[in-house]
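Descriptive analysis of the structure
So you can see what is in the structure, the chains are spelled out below.
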Amino acid sequence: MPSILPIRHQHALPLDQLILAEAPGADAIEMDVLFVGAGPAGLAGAIELARLARADQAAGGTLGELNIGVLEKASGLGEHNLSGAVVNPRAFRDLFPDLDDSDFPFRQRVNAEAVYFLTEGASRRIPTPPTMHNTGNYSASISEIVRWLGGKAEELGVNVFTGFPVDSLLVEGQAVRGVRTTPSGLDRDGHAGADVVPPTDLTARVTVLSEGTRGTLAQAWCQWQGVSSANPQIFALGVKELWKVARPLDRVIHSMGWPLPSDVFGGSWCYPHGPDQVSIGLVAGLDYTNANLDVHMLLQRMKLHPLFREILSGGELLEWGAKTIPEGGYYALPSRRSGDGLLLVGDTAGFVDVPSLKGIHYAMQSGIFAARAIFDALKQGQTSAAALAAYDRAVEGSYIRDDLYRTRNMRLAFKDGFVVGAAKAGLMTLTGGRFPAGRIAMDADAEAPRTAGEETAIVPDGVLTFSKLDAVFKSGNATRDTIPSHLLVGKDVTGEIADFYAHLCPAGVYERVGDELRVNPPNCVDCKATDVLGPRWTPREGGSGPQYRAM
Ligand SMILES: Cc1cc2nc3c(=O)[nH]c(=O)nc-3n(C[C@H](O)[C@H](O)[C@H](O)COP(=O)(O)OP(=O)(O)OC[C@H]3O[C@@H](n4cnc5c(N)ncnc54)[C@H](O)[C@@H]3O)c2cc1C
Ligand code: SF4
């Protein structure tokens, strides 16, 4: 069986579309600071900055009123955010020192937890690895968190523009001067239709990229600026379902093993979300080797296991969604996350600790640090790379860096399979990350060869298990059928490659028809998995994609 090397078939990043050496248009909207992406990172940053500016004004400071904008591609706040989620409340407490944990938009406190090793049909409870302890954390819906943070930002006068995807960075020399949004109303061939809305330019003294996992603009900026990392960033794909259940779940569950093959890094979660809902999902590292591996189908299979069947039986699927997670950790962080007029925060920068499956508090904290650095830079009247580098120093001196450094090789150890990885991870925990000395080198996911192996498909019953088409319906995706394709397919895509993409994409965007690839762009839920391994994702008309309510 011939092997597939995904990178050979990938389209290059369209740098000439993403980085425009153009002056903003004459009718550009003038802002002081722009956050691209209304996730926890961007919104926490906007809130902190608005507060600092207000305090400065009240104290008779010189800064004056700041125009802060947050641009979000989803048509409503929270509709493009997906997480587990069990949240460490630390950054919430930092951002809202006057509020109590009970004021935050959490579903419930974690009081009990269990980790299982699964085989098909059986489960064995194992001791909870130290990195996975969650007592004192809270289960939550990130869509709800984002709506709540958005409300707080608006109360402080932040302009939150939903339905406005950013298409390009507008640059002058080495400096970022603003952004251009994506037009809407184009027909399938990219021609202007009757309802066309042309792009809008916005200028900003500082642009903060808070676009989340596999940020397209961040990739472009790093490439343009020659910013690299010790290891390439690597990713996992997570597929999640929200269920209404007949009985409350009494503990946070994580599992390892089945249905994932032993050479795949990943695991599952099942979290209580109040008395009658649970969040359940499966995560798999995108360096897997079986070209037929299909995370959506594996999750469907997983729900048939007695452990989960018992929890879900008599229940109902409420929502479905998928997203990638940056998993490279410390060694995949860009060497700098600041430049002239630009900062990278949250998942875009790679601030995720994989052993604990946590990113929300790091995203928020990095947004807060960005806001403080921007405030100081604006006070000094300059937003050069040197002035904004204070943000990098703040991250370096914080728990974000310490946490990621402690677990720096843990995910990387699993590149040789689960058994070797688990043994090494145990030693790393015992030595506080000192074993092994140095860095475990990784290749980019697209450089890992694949060979078609076992199929994971099952026949969905529509009660406990669902097809990809049913799943996309449950994501709330109602993208218009006639939008131009935002997916850039690379070269030499044979029938085998088409099959690989079809298995990879959880939303059924790709199909093999004969020896050809058929692409159905409206189905896309912006998880970015094929941006990592196949066709490139680019920003598309605002409001396209999923409409998550409580993911
Ligand atoms: C399956 C899964 C499970 C997870 N579980 C947990 C957990 O239990 N606990 C935890 O702490 N973390 C968890 N994480 C990680 C956590 O969700 C992320 O670290 C966190 O959401 C990052 O926040 P962010 O603001 O950086 O990005 P996001 O929350 O992804 O927000 C980015 C925003 O930018 C928008 N955007 C992107 N591109 C553009 C553009 N061009 N123009 C305009 N807007 C744009 C997006 O629509 C999105 O709203 C999980 C992640 C996944 C995928
Ligand atoms: S096409 Fe869209 S939904 Fe499918 S893998 Fe790519 S980004 Fe995810």
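In what follows, the structure referred to is the one given above.
The rules behind each value
Residues numbered from 1 in each chain as written. Chains lettered and ligands numbered in written order. Predicted model: local features only at pLDDT ≥ 70, side-chain atom pairs only at ≥ 80, totals over all residues. Heavy atoms only, no water. Salt bridge = Lys/Arg side-chain N within 4 Å of Asp/Glu carboxyl O. Helix = DSSP H or I, 4+ residues; strand = E, 2+ residues; numbered from the N terminus. Buried < 20%, exposed > 50% of the residue type's maximum accessible area, 1.4 Å probe, protein only. Contact = heavy atoms within 4.5 Å. Near = heavy atom within 4 Å. Nonpolar A, V, L, I, M, F, W, Y, C, P; charged D, E, K, R; others polar.

Moving on to the pattern of salt bridges. Pairing is possible between side chains that carry opposite charge, provided their charged atoms lie close to one another. Within this structure, the stated rule accounts for 27 salt bridges. One salt bridge in this structure joins Asp-276 and Lys-244, with 3.3 Å as the shortest N-O distance. Of this pair, Asp-276 sits in the loop between strand S19 (266-272) and strand S20 (277-285) while Lys-244 sits in strand S17 (residues 235-244), and the two are 32 residues apart along the sequence. Owing to a relative accessible area of 31%, Asp-276 belongs among the partly exposed residues under this scheme. In this structure, Arg-540 engages Asp-526 in a salt bridge whose closest nitrogen and oxygen atoms are separated by 2.8 Å. On the criterion of sequence distance, the pair formed by Arg-540 in the segment after strand S27 (536-537) and Asp-526 in the loop between strand S26 (516-519) and helix H15 (529-533) is long-range, its members being 14 residues apart. Here Arg-540 and Asp-526 have matching classes, each one buried. Several salt bridges share partner residues, and in doing so they unite Arg-337, Asp-392, Glu-396, Arg-401 and Asp-402 into one network.

Here we come to the environment of Phe-96. Considering the arrangement of structural elements, one finds Phe-96 in the loop between helix H3 (90-95) and strand S6 (108-109). Between the C-alpha atom of Phe-96 and that of Gly-267, which follows or precedes it by 171 residues, the distance is 33 Å. Setting aside its immediate chain neighbours within four residues, Phe-96 contacts Ile-47, Arg-51, Phe-104, Trp-148, Leu-149 and Lys-152.

Before going further, it helps to spend a moment on unusual backbone geometry. Trans peptide bonds make up most of the peptide bonds, and negative phi angles are found at most residues other than glycine. Note the cis peptide between Gly-84 and Ala-85, where omega equals -5°. Checked against the element boundaries, Ala-85 lands in the loop between strand S4 (68-72) and strand S5 (86-87). Residue Pro-259 follows Trp-258 across a cis peptide bond; omega there is 10°. Among the secondary structure elements, Pro-259 is positioned in the loop between strand S18 (252-257) and S19. Although it is not a glycine, Arg-214 adopts a positive phi angle of roughly 50°. Here Arg-214 shows up in the loop between strand S16 (206-209) and helix H5 (216-225). We classify Arg-214 as buried; its relative accessible area is 15%. Unlike most non-glycine residues, Asp-526 shows phi in positive territory, near 60°.

So, on to the side chain of Ser-279. Checked against the element boundaries, Ser-279 lands in strand S20. With sequence-adjacent residues up to four places away left out, Ser-279 is seen in contact with Gly-84, Ala-85, Lys-240, Glu-241, Leu-242, Trp-269, Cys-270, Tyr-271 and His-273.

Before going further, it helps to spend a moment on the site of ligand 2. Lining the immediate environment of ligand 2, one finds Cys-505, Pro-506, Ala-507, Val-509, Tyr-510, Cys-524, Val-525, Cys-527, Lys-528, Ala-529 and Thr-530. For the shell around ligand 2, the class distribution of residues is nine nonpolar, one polar and one charged.

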